[in-house]
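# Reading the structure
The lines below spell out each chain.
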Amino acid sequence: MSDATHGISRRTVLKGAAVGGLGLAAGGSLLAGCGSKSTGPLAYGARSVDAGPTAQNKALIAAYTAKTKNEVKYNATESNAFQNNLSQYLQGTPDDTFEWMAGYRMQFFAEQGLLADLTSVWDTIGDQYAESYKIASTGLDGKQYFVPKSWYPWGMHFRKSMFKDLGLSADTVTNWDEFLKMLDGMKKKGLVGFAAGDKGGWEAMGTFDILNARINGYQFHVDLLAGREKWTDAKVLDVFTHWAQLIPYMNPNVLDLEWDGAMQLLLQKKAGSMLMGSWFGGNFKEQSQADYDDLSIIPFPEINPEHGRDTVDAPIDGWCVAANGTNNDGGADFLKFAGDMEGVNATLAAKDANGALIPMTSANKGQDTSTYDAFQKEQLAVMDEAKYITQFLDRDTRPDFAGPVVGPAIQSWFKNPKDVNKIVDSLQAQWDALPPLA
Amino acid sequence: MSVDVTLQAAATKYRNKQKIKDRFISAFIGVFAIAWIFPIIWTIWTSLRPYKDVRANGVFSLPKTLNLQNYADAISRMDLPLYFWNTFAITAPAVFLTLFFGSLIAFVVSRYSFRWNVSLLLLFTAGNLLPAQLVFIPVFKMYITLGKAVGIPRLLYDSPWGVVLIHVAFQMGFATFVLSSYMKTIPKEISESAMVDGATVFTHYTKVMLPLLRPALASLGVLMTTWIYNDFFWALVLMSTDSKRPITSALGRLQGEFVTDYNLLAAGAVIAALPTLIVFFILRKQFVSGLTLGSTKG
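From a predicted model like this one, the values you see are computed outputs, not experimental measurements.

Reading guide: rules and limits
Residues numbered from 1 in each chain as written. Chains lettered and ligands numbered in written order. Predicted model: local features only at pLDDT ≥ 70, side-chain atom pairs only at ≥ 80, totals over all residues. Helix = DSSP H or I, 4+ residues; strand = E, 2+ residues; numbered from the N terminus. Buried ≥ 20, exposed ≤ 12 C-beta atoms within 10 Å, placed from the backbone. Rg over C-alpha atoms; globule rule 2.2 N^0.38 Å. Contact = placed C-beta atoms within 7 Å. Pairing = 2+ DSSP bridges. Axes fitted to C-alpha atoms, helices over the stretch in contact; angles between N-to-C directions. Nonpolar A, V, L, I, M, F, W, Y, C, P; charged D, E, K, R; others polar. Expected span 1.5 Å × (residues − 1). Arc of directions from axis to C-beta. Parallel < 35°, antiparallel > 145°, perpendicular 65-115°, else oblique. Left-handed = near helix turned anticlockwise from the far one by under 90°. Domains from an automatic or database assignment. UniProt positions renumbered as here; feature names shortened; annotations may be inferred. Core = buried A, V, L, I, M, F, W, Y, C linked by C-beta atoms within 7 Å. pLDDT = per-residue confidence, 0-100.

### Side note on the overall build of chain B
In terms of helices and strands, chain B carries 13 helices and zero strands. Across chain B, helices and strands are ordered from the amino to the carboxyl terminus as α-α-α-α-α-α-α-α-α-α-α-α-α. Considered along the principal axes of its C-alpha atoms, chain B spans approximately 75 × 70 × 30 Å. Residue burial in chain B is summarised as follows: out of 298 residues, 34% are buried.

Structure below.
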């Protein structure tokens, strides 16, 4: 392991020298890396073409350029395409800084030497972040490769008005029995209790994550996804047994709906609750402010008292610096600004097309939470209750396992829940058959 | 007289039978036509509805509003002129080079007999059998290595020329195959008399074969244009700057990270499909003859 790391750093150094020798500009930026403000022009790779994030990025970049006079070239790619092509992107001619995700997804590329060490950035702005964010930004070699921007929790979403009509409140749905009772009550009213869609293959991973964490605890979940525990374990079967109890309360067309189909059920008041990441709140807001104000989130109920509600899936989005970029110091300098409260404020000041502020829960602990709206405050509460943060199944395990193996496995389970033994056998067999990481 | 009547009756009977058969066939074709046209109609229908309406009332609800707003939004968000230009800058040279090189090889393997000519043709056709997903990693590495070797990292990778080259390489097998089959239908005597008249190999190609190849080149050109126009894969894996990518990737700009406004996407898809449709309707004849190209070689 350490041999590989040394090999990579040696290569990086050689590459740096080659670039420095080739162009005066690059050579200049290498020299200027020693603490100077002017690290030269850089390129920014955005992982989204959505209006909201684009407005935020542009505002952040404008503030950075105004402060440092460093020009930033903006290159935005649609998120799915960007994600699928990241490996090539990083080996080719990547932008200096690019948007990515924390945890395993970042470590995977850091291990291959494709990300630049950002320890110096963390030395400067590290005290503005809680320890859990630093852990999520750290590679397997103990160095930081990531600067967090924002997060959102996964939890049970419902509409306040419907909860009121059903005579429910957040503290009447704290454990599994109460939860099933709630679903039963919704079913009796002719509602879908647990709106679900899994056409995309990733949506139901969130349900697996939370059930596994609630039943078997954080440590087992993390170990399972890292291959240190077996999918054929009785504990995993227990997860599917609990999950099967939810099926009668789901919409029957789970495999025909993508996540937004499930969301529409909640929006149209045809469903009583939905487990999802809070990011979809933007859709409610777009529909109408009243719909957004009606939206609420609580933590997924407790199942095993030993673990309580101590874990939450809360994916962290942020930035990395590409080792193969032409201006690593520029990228790091940009992230020093972006991760600092100054950059966070510039991002938060961005406005959407209607002139409204874009809601964002920043990873920086300096963000003034009193400006949060009610829904954001609830998200924060869900987050604060949890002791352990997981990133989401497809961010916590190997990319060549999550999407191609776990996704279809869960889909086939939905088709035939009785096949669960066959499915976990196949999951384990496919994990065992994966090639070792380079 | 009676024979006449019987004959007439038989004829009527036959005609009626034929009519029923015809009706049956028409119904059959009709069903298939509807099955084919339905997705297109549905796309257009979807593109006219606002997403907000669908989100609130469901896909199968009756529309409250129908308008062209999605088209206006798609045009403004897709940055059309830039991406259409990118597509043109990739498609035009790629089609031209494919036809040029394809016809050269086809010319040699079909007009001159030498030891390896059949093997050569097979080699080119076999290249066609490899799926792009299988070979893209080596191609990608090759582009990167070459760029690094000459000191210009974007020589082929992240450059339209790199994409043009890979299209030429990939389509040339098919072009060679089709053009050589077509050339074999041109009588050998024409070539022989050209040679007797003292034409060099080059004159033989430019002055004799090329003019005769024109219909084949036209239809193959139309086919190639649609194929290369529709490519998304190569532009994605061989380019890192989105503003250099073709129109197919601009469609991605209409797709959100989480929220996909399918109504907007449908409008974008209709816009992106327009140029190929226009090309198709203008060159319909060539397109159809292109489908049967070389298939009648005895």
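### A look at the overall build of chain A
Each helix and strand counted, chain A has 21 helices and eleven strands in total. For 438 residues, the compact-globule formula gives about 22 Å, and the C-alpha radius of gyration of chain A, at 23 Å, lands near that figure. Seen through its principal axes, chain A has C-alpha atoms that stretch 75 × 50 × 35 Å. Within chain A, buried positions represent 48% of all 438 residues. Across chain A, contacts joining residues at least 24 apart in sequence account for 77% of those joining residues at least 6 apart.

### A word on the sheet that holds strand β3 (residues 97–101) of chain A
All names here are of chain A. Pairing in this open sheet of five strands is mixed, and the strands run β2-β1-β3-β10-β4 from one edge to the other. Pairing within the sheet leaves two strands with one partner each, and these edge strands are β2 (72–76) and β4 (147–151). Strand after strand, the sheet turns through a mean of 25° between neighbouring axes, direction not considered. Across five bridges, the pairing between strand β1 (residues 42–46) and β2 is parallel. In the strand pairing of β2, A43 is matched with K73. Running over the sheet, helix α16 (residues 328–339) touches β1, β3, β4 and β10 (316–321) and is turned about 150° from β10.

### Here we look at the interface of chain B and chain A
When the parts come together, some accessible area is lost, and that loss is often what is quoted as the size of the interface. The interface is formed by 24 residues belonging to chain B together with 25 residues belonging to chain A. Tallying contributions element by element places helix α2 (residues 51–57) of chain B first for the side of chain B that touches chain A, with three residues. Of the residues assigned to the side of chain B that touches chain A, the class counts are nine nonpolar, eight polar and seven charged.

### Focus on helix α3 (residues 51–68) of chain A
All names here are of chain A. For α3, with 18 residues, the first-to-last C-alpha span of 26 Å sits near the 26 Å given by 1.5 Å per residue. Inspection of α3 places P53, Q56, N57, L60, I61 and Y64 among the buried residues, and these make up the whole buried set. The buried residues of α3 occupy an angular sector of 125° when projected down its axis, which confines them to one face. Residues of α3 that are buried sit in contact with β1, β2, α16 and α17 (341–348). Once α3 finishes, K69 follows within two positions and takes phi at roughly 65°, a positive value.

### Things to note about the packing of helix α5 (residues 117–126) of chain B against helix α7 (residues 160–184) of chain B
How two helices pack is summed up by the angle between their axes together with the distance between the axes. All names here are of chain B. Following both chains from N to C, one finds α5 and α7 inclined at 135°, their axes separated by 7 Å at the closest point. As far as their axial angle goes, α7 and α5 are oblique. Pair α5 / α7 crosses with left-handed handedness. Seen from α5, the contacting residues are L121, F124 and T125; seen from α7, they are M172, G173, T176, F177 and S180. Residues that form the contact of α5 with α7 fall into these classes: four nonpolar, four polar and no charged.

### Focus: helix α13 (residues 259–267) of chain A
Counting buried positions along α13(A) yields nine of nine residues, so the element is predominantly enclosed. Residues of α13(A) that are buried: W259(A), D260(A), G261(A), A262(A), M263(A), Q264(A), L265(A), L266(A) and L267(A). Those residues of α13(A) hidden inside the fold are in contact with β5 (154–159), β6 (192–195), β7 (271–277), α14 (281–287) and α15 (289–294) of chain A together with α2 of chain B. The first or second residue beyond α13(A) is K269(A), which carries a positive phi of 60°.

### Focus on the domain arrangement of chain B
Residue and element names in this part refer to chain B. As far as domains go, chain B holds domain 1 (2–47) and domain 2 (79–291). A straight line from the C-alpha centre of domain 1 to that of domain 2 covers 40 Å. Every contact between the two is made by four residues of domain 1 and, on the other side, six residues of domain 2. In the side of domain 1 that touches domain 2, the residues fall into one nonpolar, three polar and no charged.

### Overview of the domain arrangement of chain A
Residue and element names in this part refer to chain A. One can read the domain layout of chain A as domain 1 (2–150 + 316–366) and domain 2 (154–313 + 376–432). Measuring from the centre of the C-alpha atoms in domain 1 to the corresponding centre in domain 2 gives 32 Å. Opposite the eleven residues of domain 1 that make contact, domain 2 presents ten residues. The element contributing the most residues to the side of domain 1 that touches domain 2 is helix α6 (residues 104–111), with three residues. Looking at the side of domain 1 that touches domain 2, its residues break down into six nonpolar, four polar and one charged.

### Details of the UniProt feature "transmembrane region" (unreviewed entry) in chain B
Residue and element names in this part refer to chain B. Under the present numbering, the feature "transmembrane region" (unreviewed entry) in UniProt falls on residues 24–45, 83–108, 120–140, 160–179, 212–229 and 262–283. Taken as a whole, residues 24–45 contains 100% helix and 0% strand, while its terminal C-alpha atoms sit 30 Å from one another. Secondary structure content for residues 120–140 is 76% helix and 0% strand, while the C-alpha to C-alpha distance between its ends is 26 Å.

### Structural notes on the sheet that holds β7(A)
Residue and element names in this part refer to chain A. Read across the open sheet, the four strands follow the order β6-β7-β5-β8; overall the sheet is mixed. Across the chains shown, the open sheet's two edge strands, defined by having one partner strand only, are β6 and β8 (295–298). Averaged over all pairs of adjacent strands, the angle between their axes in this sheet comes to 25°, without regard to strand direction. By the bridge criterion, four bridges tie β5 to β8 in an arrangement that is antiparallel. For H157, the partnering residue across the bridge sits in β8 and is I297. The sheet contacts of α13 involve β5, β6 and β7, and relative to β7 the element is tilted by about 140°.

### Quick word on the nonpolar core
Among soluble globular proteins, nonpolar side chains are generally buried collectively. The biggest cluster of nonpolar side chains holds 160 residues, and the ones touching the most others in it are M106(A), L115(A), L118(A), C320(A) and L238(B). Element by element, the count of residues in this core is highest for α7(B), at twelve residues. Ignoring any residue separated from it by four or fewer positions in sequence, one finds L118(A) in contact with Q144(A), Y145(A), F146(A), V147(A), V321(A), A332(A) and L335(A).

### Here we look at the packing of helix α3 (residues 69–78) of chain B against helix α12 (residues 262–282) of chain B
Residue and element names in this part refer to chain B. At their nearest, the axes of α3 and α12 sit 8 Å apart, and the two run at 70° to each other. Judged on the interaxial angle alone, α12 and α3 are roughly perpendicular. Here N70, Y71, D73, A74, I75 and M78 of α3 come into contact with α12, specifically with N263, L264, A267, G268 and I271. A per-class count over the contact of α3 with α12 returns seven nonpolar, three polar and one charged.

### What about the confidence of the model for chain A?
Confidence along chain A averages 87 in pLDDT terms, with 91% of residues attaining 70 or more. Note that residues 1–36 of chain A has pLDDT below 50 and, in this model, 27 contacts with residues that lie over four places away or in other chains.

### As for the environment of P301(A)
Residue and element names in this part refer to chain A. For P301, the position within the fold is in the loop between β8 and β9 (311–313). Spatially, the C-alpha atoms of P301 and T172 are 10.0 Å apart, while their sequence positions differ by 129 residues. Setting aside chain neighbours within four positions, we find P301 in contact with V173, T174, N175, W176, E178 and F179.

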